Amino acid sequence: GMLGFAAYMQGDDARAITFIRRADLQKFPLYHVIAALIYARAGLNEEAAASRRQFLAMRPHFFDDLEGELAKRNFRAEDRRILTEAARAAGFPVPMASQAAKGMQH
């Protein structure tokens, strides 16, 4: 899963898809959010929707404080902005006034 995420952050969608499909981490919520981001950017909408639904079923309030969730995982401000925009594009319920997005304006 982490190899898929790393490939995603490096912009290598083909490798990201390969790695996320090899990962068997169905019991881990963050696997599903990463899979949704990877699939959404690659235009694999059905797979993205399935992963999004699974993640939201497991962690329904994760996006209530996305900035806090990303900050406690030590993501840099730029990475928080990228992930916030990606989550929004993948159809997750990301508030438009997310602090992650605001952090890049200062």
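Quick caveat: nothing in here was measured; it's all calculated off a predicted structure. (Residues numbered from 1 in each chain as written. Predicted model: local features only at pLDDT ≥ 70, side-chain atom pairs only at ≥ 80, totals over all residues. Heavy atoms only, no water.)

S.K.: Got a sec to walk through the layout of surface pockets? Specific residues and values, please.
M.R.: In this model, the largest pocket occupies a volume close to 310 Å³. Forming the boundary of the largest pocket are 18 residues, of which Phe-5, Leu-30, Val-33, Ile-34 and Phe-75 lie nearest the centre. Put simply, the parts of the chain that give the lining of the largest pocket at least two residues each are α1 (2-9), α3 (29-41), α5 (66-71) and α6 (77-89). Per-element tally for the lining of the largest pocket: the top contributor is α3, with 5 residues. Grouping the amino acids of the lining of the largest pocket by side-chain chemistry returns 15 nonpolar, 2 polar and 1 charged. (1 Å grid on protein atoms, 1.4 Å probe; cavity = no way out; pocket = protein on both sides within 12 Å on 5 of 7 lines; lining within 4 Å. Points joined across faces, edges and corners; volume = space filled by probe spheres on them. Helix = DSSP H or I, 4+ residues; strand = E, 2+ residues; numbered from the N terminus. Nonpolar A, V, L, I, M, F, W, Y, C, P; charged D, E, K, R; others polar.)

S.K.: Residues and numbers for the nonpolar core, please.
M.R.: In this structure, Ile-20, Leu-37, Ile-38, Phe-63 and Phe-92 are the most contacted members of the largest nonpolar core, which totals 28 residues. If you list the elements that add at least two residues to this core, you get α1, α2 (13-22), α3, α4 (45-58), α5 and α6. Sorting elements by how many residues they give to this core places α3 first, with 8 residues. Filtering out sequence-adjacent residues up to four positions away, Ile-20 remains in contact with Gly-1, Gly-4, Tyr-31, Ile-34, Ala-35, Ile-38 and Tyr-39. (Core = buried A, V, L, I, M, F, W, Y, C linked by side-chain atoms within 4.5 Å. Buried < 20%, exposed > 50% of the residue type's maximum accessible area, 1.4 Å probe, protein only. Contact = heavy atoms within 4.5 Å.)

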